[in-house]
Amino acid sequence: MKIDKIMVIGAGQMGSGIAQVCAQAGFKVLLHDLKTEFVEKGLSVIKKNLARQVAKERMTEAELENILGNITPSTELRNAGTVDLVIEAAVENMEIKAELFKELDQLAPAHAILASNTSSLPITEIAAATTRPEKVIGMHFMNPVPVMKLVEIIRGLATADEVYNTIEDITKKLNKVPVEVNDFPGFVSNRILMPMINEAIYTLYEGVATKEAIDEVMKLGMNHPMGPLTLADFIGLDTCLYIMETLHEGFGDDKYRPCPLLRKYVKAGWLGKKSGRGFYEYA
């Protein structure tokens, strides 16, 4: 299965990163979002990332221009009619994703693969919104995408072997490491990571230690590059809450119950770095 042109849906933090690595690997990329300003913001992040590589002499100015030349902005979903692969990186909400995949099923060519960058939602359920479940697959990148090597590849119940092999091959072309994971809530990464973050929030909620102390213990004692509360702020507390709710609902086990403090912060609009305040404040 030959892939030349890729549409990335969602020009936010994840989508812009996915578009960047695809363009760097030589693929033609459509970076799609609902509004022109969202796409432009995503493109400006990509330019800033690449300019940093030029400044560090890891890339030439000509290479930068070539990569940017591989990316075309899009605000019309019907542009999916020209691509071989769609990678969806929209908001982590099943209703939105299912509706989007239903539309993409109508718009994308019959041979096109539809992939989701979901961090916790079942691929089988997303695939059920289409008439091509054998061509739907999970492709869960890690944040920040240009830096992190892992991509969890998740087969739905009907995903064809040929589709899996194609996505595995593309992941390697993006200079990433593909790891096959079965279709369970949270997959591997978030099934392990999110309960740890949730437990760190409980530790703060119960007054066991300050946020700084909790983060310091995990950094110095467990050799984590950043503490769990800082990491939660970077991921987005709304995303953390949504994933915990998905795990709680999917497994029906109280060990996945979101901490009340996490709910409180999200209701207050304290979503972490993106809103300027979470467990920490950001200028």
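In this report, the structure presented in the accompanying data block is examined. Fair warning: this is a prediction, and the values are worked out from it, not measured in the lab.

So, on to the pairing of strand E4 (residues 85–88). Going residue by residue along E4, you find Leu85 and Ile87 tucked away on one face and Val86 and Glu88 tucked away on the opposite face as well. Here strand E1 (residues 5–9) pairs with E4 via four bridges, running parallel. Looking at the pairing, Met7 lines up with Val86 of E4. Summarising the sheet, E4 and strand E5 (residues 113–116) pair through four bridges and their orientation is parallel. Bridge pairing in E5 places Ile87 opposite Ala115. Crossover connection from E4 via helix H4 (residues 94–107) to parallel E5: handedness right-handed.

Grouped together as the largest cluster of nonpolar side chains are 39 residues, with contacts concentrated most on Leu31, Leu85, Ile87, Met139 and Phe141. Residue contributions to this core peak at six residues, all from helix H1 (residues 13–24). When residues no more than four places from it in sequence are discounted, the contact partners of Met139 are Ile87, Ala115, Ser116, Asn117, Val151, Glu152, Ile167, Ile170, Thr171 and Leu174.

On to the pattern of salt bridges. Using the criterion set out here, one finds 14 salt bridges in the structure. Across the pair Glu88 and Lys97 runs a salt bridge whose closest N-O atoms are separated by 2.4 Å. Assigned by exposure class, Glu88 and Lys97 land together as buried. Notably, a salt bridge pairs Lys135 with Glu134, separated by 3.9 Å at the nearest N-O pair. Salt bridges linked by common partners bring Glu88, Glu92 and Lys97 together as one network.

Moving on: the packing of aromatic side chains. Per the counting criterion, the structure on display carries five aromatic pairs. Between Phe234 and Tyr282, the aromatic rings sit 6.4 Å apart at their centres with planes inclined by 90°, giving edge-to-face as the arrangement. Of this pair, Phe234 sits in helix H9 (residues 228–235) while Tyr282 sits in the segment after helix H11 (260–267), and the two are 48 residues apart along the sequence. Connected via pairs of aromatic rings, a cluster forms that spans Tyr265, Trp270 and Phe279. The ring of Tyr164 has Arg155 sitting right over it, with the charged end atom 4.4 Å from the ring centre. One cation-aromatic arrangement involves Lys211 over Tyr280; the distance from NZ or CZ to the ring centre is 5.6 Å.

How each quantity is defined
- Residues numbered from 1 in each chain as written.
- Predicted model: local features only at pLDDT ≥ 70, side-chain atom pairs only at ≥ 80, totals over all residues.
- Heavy atoms only, no water.
- Buried < 20%, exposed > 50% of the residue type's maximum accessible area, 1.4 Å probe, protein only.
- Helix = DSSP H or I, 4+ residues; strand = E, 2+ residues; numbered from the N terminus.
- Pairing = 2+ DSSP bridges.
- Right-handed = clockwise from strand over helix to strand, strands pointing away.
- Core = buried A, V, L, I, M, F, W, Y, C linked by side-chain atoms within 4.5 Å.
- Contact = heavy atoms within 4.5 Å.
- Salt bridge = Lys/Arg side-chain N within 4 Å of Asp/Glu carboxyl O.
- Phe/Tyr/Trp six-rings, centres within 6.5 Å; stacked < 30°, edge-to-face > 60°.
- Lys NZ or Arg CZ within 6 Å of the ring centre and 35° of its normal.

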